Amino acid sequence: MSMAAELDSAAGALLTVWDGARERTANRISTAQLRAVMLVERQDGINLRRLATGLDMLLSSASRLCDRLVAAGMLEREPGRADRREISLHLTAEARRLLAELREDRRQHLAAILGDMAPEARQALLRGLREFDEAARARVVRSVSSLVPQPEQPHAEKLPETRGGIDLGADQPSRGWPAGEASVVRTA
């Protein structure tokens, strides 16, 4: 069995914990709404166009999603500081409470499972997941940056080369997000 297939199989329990916590919030907020709330959390003051791009949805769909989140008391709209016609989005206290509850629920379930593992195995898991996260972030930055035309820069930093989907520069630090900042595809 390939390493990717083994990881896919082994990650099932982790995804079950994630999905369980998310499902326990489903009576208050949909998965699409949760993704939007999380993106606004990471980019407080984001405008509607950037939100739509970050969620990979049409501007009109993102606008309707925001309407529902405002009505649910999860988001607030505020006129932009630079351009009063542009709206910036901010989380409400209720949205912050929901995210905190979701994360606490998930952490409690993870702690119970981790308690059944040997200390060395926990450390190896954490080390491996950190490296996986860095490699995944670098891949997302490369794929997004290839879609956006960039002006020529004489001293631009060269991204690691890949061969067969494997980053040949894996020992280099990740690019694009500060340490600990979640990507859009990550849920809560």
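Residues numbered from 1 in each chain as written. Predicted model: local features only at pLDDT ≥ 70, side-chain atom pairs only at ≥ 80, totals over all residues. Heavy atoms only, no water.

**A word on the nonpolar core**
Right, on to step 1. Core analysis: the biggest nonpolar cluster contains 22 residues, and Val-37, Leu-51 and Leu-69 have the highest contact counts within it.
Right, on to step 2. Within the residue set of this core, elements represented by two or more residues are helix H3 (31-42), helix H4 (48-55), helix H5 (59-71), strand S2 (87-91) and helix H6 (93-114).
Right, on to step 3. Discounting residues that sit within four places of it in the chain, Leu-69 has contacts with Ile-29, Gln-33, Ala-36, Val-37, Met-74 and Leu-75. (Core = buried A, V, L, I, M, F, W, Y, C linked by side-chain atoms within 4.5 Å. Buried < 20%, exposed > 50% of the residue type's maximum accessible area, 1.4 Å probe, protein only. Helix = DSSP H or I, 4+ residues; strand = E, 2+ residues; numbered from the N terminus. Contact = heavy atoms within 4.5 Å.)

**Some thoughts on the confidence of the model for the protein chain**
Right, on to step 1. Per-residue pLDDT for the protein chain averages 78, and the proportion of residues at 70 or more is 74%.
Right, on to step 2. Here strand S4 (residues 166-167) is the element of the protein chain with the lowest mean pLDDT, 37, and H5 is the one with the highest, 95. (pLDDT = per-residue confidence, 0-100.)

**Describing the pattern of salt bridges**
Right, on to step 1. Scanning all chains against the criterion turns up seven salt bridges.
Right, on to step 2. One salt bridge in this structure joins Glu-41 and Arg-103, with 2.8 Å as the shortest N-O distance. Residue Glu-41 is found in helix H3, and its partner Arg-103 is found in helix H6; the two are separated by 62 residues along the sequence.
Right, on to step 3. On the basis of relative accessibility, which here comes to 29%, the residue Glu-41 falls in the partly exposed class.
Right, on to step 4. Close ionic contact of Asp-67 with Arg-77 constitutes a salt bridge, the shortest N to O distance being 2.4 Å. Within this pair, whereas Asp-67 is found in helix H5, its partner Arg-77 is found in strand S1 (residues 75-79), the two being separated by ten residues in sequence. (Salt bridge = Lys/Arg side-chain N within 4 Å of Asp/Glu carboxyl O.)

**Some details on the packing of H3 against H4**
In helix packing, the relevant descriptors are the interaxial angle and the interaxial distance, both defined with respect to the helix axes.
Right, on to step 1. Here H3 crosses H4 at 120°, and the two axes come no closer than 10 Å. By the angle class used here, H3 and H4 are oblique. Taken as a pair, H3 and H4 cross one another with a handedness that is right-handed. Where H3 approaches H4, its residues Arg-35, Ala-36, Leu-39 and Val-40 are matched on the opposing element by Leu-51, Gly-54 and Leu-55.
Right, on to step 2. Within the contact of H3 with H4, the residues separate by chemical class into five nonpolar, one polar and one charged. (Axes fitted to C-alpha atoms, helices over the stretch in contact; angles between N-to-C directions. Parallel < 35°, antiparallel > 145°, perpendicular 65-115°, else oblique. Left-handed = near helix turned anticlockwise from the far one by under 90°. Nonpolar A, V, L, I, M, F, W, Y, C, P; charged D, E, K, R; others polar.)

**A few points about unusual backbone geometry**
Right, on to step 1. Within the chain, Asp-56 stands out as a residue other than glycine whose phi angle is a positive 55°.
Right, on to step 2. Relative to the assigned elements, Asp-56 resides in the loop between H4 and H5.
Right, on to step 3. A residue is classified by how much of its surface remains accessible, and Asp-56, at 72% relative accessible area, is exposed.

**Structural notes on H6**
Right, on to step 1. Helix length check: H6 (22 residues) gives 31 Å between terminal C-alpha atoms against 32 Å at 1.5 Å per residue, within 8%.
Right, on to step 2. Residues of H6 that are buried include every one of Ala-95, Leu-98, Leu-99, Leu-102, Arg-103, Asp-105 and Arg-106, and no others. Angular distribution of buried residues about the axis of H6 spans 155°; they occupy a single face of the element.
Right, on to step 3. Buried residues belonging to H6 abut helix H2 (12-23), H3 and S2. (Expected span 1.5 Å × (residues − 1). Arc of directions from axis to C-beta.)

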